[in-house]
Amino acid sequence: MSAPDRNPTDQISTDRESPDSHAGELPSQSGEAGFTALQSEAPDSPAALLARLRDALPQAAITLRSNPGPAAQHSLLVEPADLTDVCRLLRDTPDLAFDFLSNVTGVDWPDPAKADAVAVPADGEATTRTAGGFLEVIYHLYSTSRRVGPLVLRTRTADRGDHAKIPSLVAIYRSAEFQEREIFDLFGVEFTGHPDLRRILMWDEFVDHPMRKDYVAPDDYQYEPTPHDAVLQKAKRHYPAQQ
Amino acid sequence: MAIDPKLAEDLKSQGVHVTSFEQLINWGRSSSLWPLQFGLACCAIEMIAATMARYDMARFGAEVFRPSPRQADLMIVAGTVTKKMAPQVVRLYNQMAEPKYVIAMGACAISGGPFKDGYNVLKGIDRFIPVDVAIPGCPPRPEALLEGLITLRELIAKEKLMGKHRARHADPDGTAAFPVPEFGEHDLIPTANREIWNPPTVVRQAEGGEA
């Protein structure tokens, strides 16, 4: 398996083993609150779920992204267009029954090569995007009836500008409502179909997206006694030294 | 004008209490502070603990927390003031009746504290309203809040009601309301009320002897 533009300094990507041989060595992980983590064995491994999803939704482009770190928490990368179909299937299939969306979060990847360095394609099918950045939205699904989880779904916007759009999951998982609003607020992902897409943390007049990596906070530094590193640079700028 | 303190002591031993209206009014005000019942972060938990039986703020006459600013004369800013909350805090202050006092409780209310470099945190409530007592700590223990309360009582007891150095609320030209900041596209507008917030100019020493 080759990933030429993997970041060599990134610890999590130094392990080049395939996920299945890796996860098999680990002791079985017990997840939070008595939930069983998804195992490498069928039927609940992301790889097995991927096979089932491909059977049920042959037109959907879904790839397995392995996490080579000790957590071995592999995830499924779903195209935004297929996201609602995939989630509806995961929720409504009786022996899957992923009935609880625990967490939605976002990641800003202005440099797409770094995203692919952390999430190693497991089957070599995924291609590295070479131009532009994107925003990634990550979903953690649990099945409360079967007590398994989390199943990690990821999806990526086309770019970080006008096409930063992801279909909303509020119609499928009501718990997505506030979390999607938070991601809209802090990352600027537009969730199409969201019933009430407003800012939730910052005020309505605010125009920036503070969790984006290129966000620049207002420069209103006030002196503090022991500045260091980046704060020292601010201190030097705002309080010039006496000559 | 003022009575000889020794004579006052002598009279007191005979059961005669001599005082001035200023002292009497200040004694009444300092002995019955009614704080505004609101908290912003973890400091509020310590504030609540200070009112409960173990620390018993009632001993100092400040146990009646009022849920309405119209009935309160002490604002304890207990916790991080976010930029989204700052206009509401200033508006609550403006709605309080004079005389009114402000305690900035904890590092966040004083300066922004550990969140000072955050994009969403106001670097001290003293940028918008006048603060009488600042209590450092993160969070300050209930004893520290009681110490701050006693300090405020001492300040009130020393307040002048007439003359050149009279208190703000006794000055007919003094203001009871301060401008409420507006939400801007990137930050609050203005970021501070320069009429009341004038931090000292800090001059760093030359390189090598880092200030």
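The text that follows walks through the structure, step by step, so that each part is easy to find. (Residues numbered from 1 in each chain as written. Chains lettered and ligands numbered in written order. Predicted model: local features only at pLDDT ≥ 70, side-chain atom pairs only at ≥ 80, totals over all residues. Heavy atoms only, no water.)

1. As for the sheet that holds strand E5 (residues 134–143) of chain A
Residues and elements named next belong to chain A.
Alright, step 1. The strand order across the open sheet formed by 6 strands is E3-E5-E6-E2-E1-E4, and the pairing between neighbours is mixed. At either margin of the open sheet sits one strand with a lone partner, and together these are strand E3 (100–109) and strand E4 (120–121).
Alright, step 2. Inspection of the sheet shows strand E1 (residues 62–66) paired to E4 by 2 bridges, in the antiparallel sense. Each residue of the ladder has a partner; that of Arg 65, found in E4, is Pro 121. (Pairing = 2+ DSSP bridges. Helix = DSSP H or I, 4+ residues; strand = E, 2+ residues; numbered from the N terminus.)

2. A short note on the interface of chain A and chain B
Alright, step 1. Contacts between the two partners involve 29 residues from chain A, matched on the other side by 24 residues from chain B.
Alright, step 2. Summed over both sides, the interface between chain A and chain B buries roughly 2,400 Å², with carbon and sulfur atoms accounting for 55% of that surface.
Alright, step 3. When the buried surface of chain A facing chain B is broken down by residue, Trp 203, Asp 220 and Gln 222 of chain A rank first, second and third, together holding 28% of it.
Alright, step 4. Our count for the chain A to chain B interface comes out at 3 salt bridges.
Alright, step 5. Here Lys 234 of chain A ties to Asp 117 of chain B by a salt bridge, and the two come within 4.0 Å at their closest N and O atoms.
Alright, step 6. Where chain A touches chain B, the interface holds 9 residue pairs in polar contact (both at pLDDT 80 or more).
Alright, step 7. In terms of residue count, helix H6 (residues 229–238) of chain A provides more of the side of chain A that touches chain B than any other element does, 5 residues in total.
Alright, step 8. Its residues assigned to classes, the side of chain A that touches chain B comprises 21 nonpolar, 2 polar and 6 charged. (Contact = heavy atoms within 4.5 Å. Buried area = accessible area lost by both parts, 1.4 Å probe. Salt bridge = Lys/Arg side-chain N within 4 Å of Asp/Glu carboxyl O. Polar contact = N/O pair within 3.5 Å; in protein donor to acceptor, adjacent residues only side chain to side chain. Nonpolar A, V, L, I, M, F, W, Y, C, P; charged D, E, K, R; others polar.)

3. Topic: the pattern of salt bridges
Alright, step 1. Under the definition given, this model contains 19 salt bridges over all chains.
Alright, step 2. The salt bridge involving Arg 154 of chain A is made with Glu 136 of chain A; its shortest N-O contact spans 3.3 Å. In this pair, Arg 154 of chain A sits in strand E6 (residues 148–156) while Glu 136 of chain A sits in strand E5, placing the two residues 18 residues apart along the sequence. A single burial state applies to Arg 154 of chain A and to Glu 136 of chain A, both of which are buried.
Alright, step 3. Salt-bridge contacts for Glu 143 of chain B lead to Arg 141 of chain B; the nearest nitrogen and oxygen are separated by 3.0 Å. (Buried < 20%, exposed > 50% of the residue type's maximum accessible area, 1.4 Å probe, protein only.)

4. With respect to the packing of helix H2 (residues 21–31) of chain B against helix H6 (residues 142–157) of chain B
Residue and element names in this part refer to chain B.
Alright, step 1. Their axes nearest at 8 Å, the elements H2 and H6 cross at an angle of 160°. Between H2 and H6, the angle is such that the two are roughly antiparallel. The handedness of the crossing between H2 and H6 is right-handed. Residues Asn 26, Arg 29, Ser 30 and Ser 31 of H2 pack against Arg 153, Ile 156 and Ala 157 of H6.
Alright, step 2. Looking at the contact of H2 with H6 residue by residue, the class counts come to 2 nonpolar, 3 polar and 2 charged. (Axes fitted to C-alpha atoms, helices over the stretch in contact; angles between N-to-C directions. Parallel < 35°, antiparallel > 145°, perpendicular 65-115°, else oblique. Left-handed = near helix turned anticlockwise from the far one by under 90°.)

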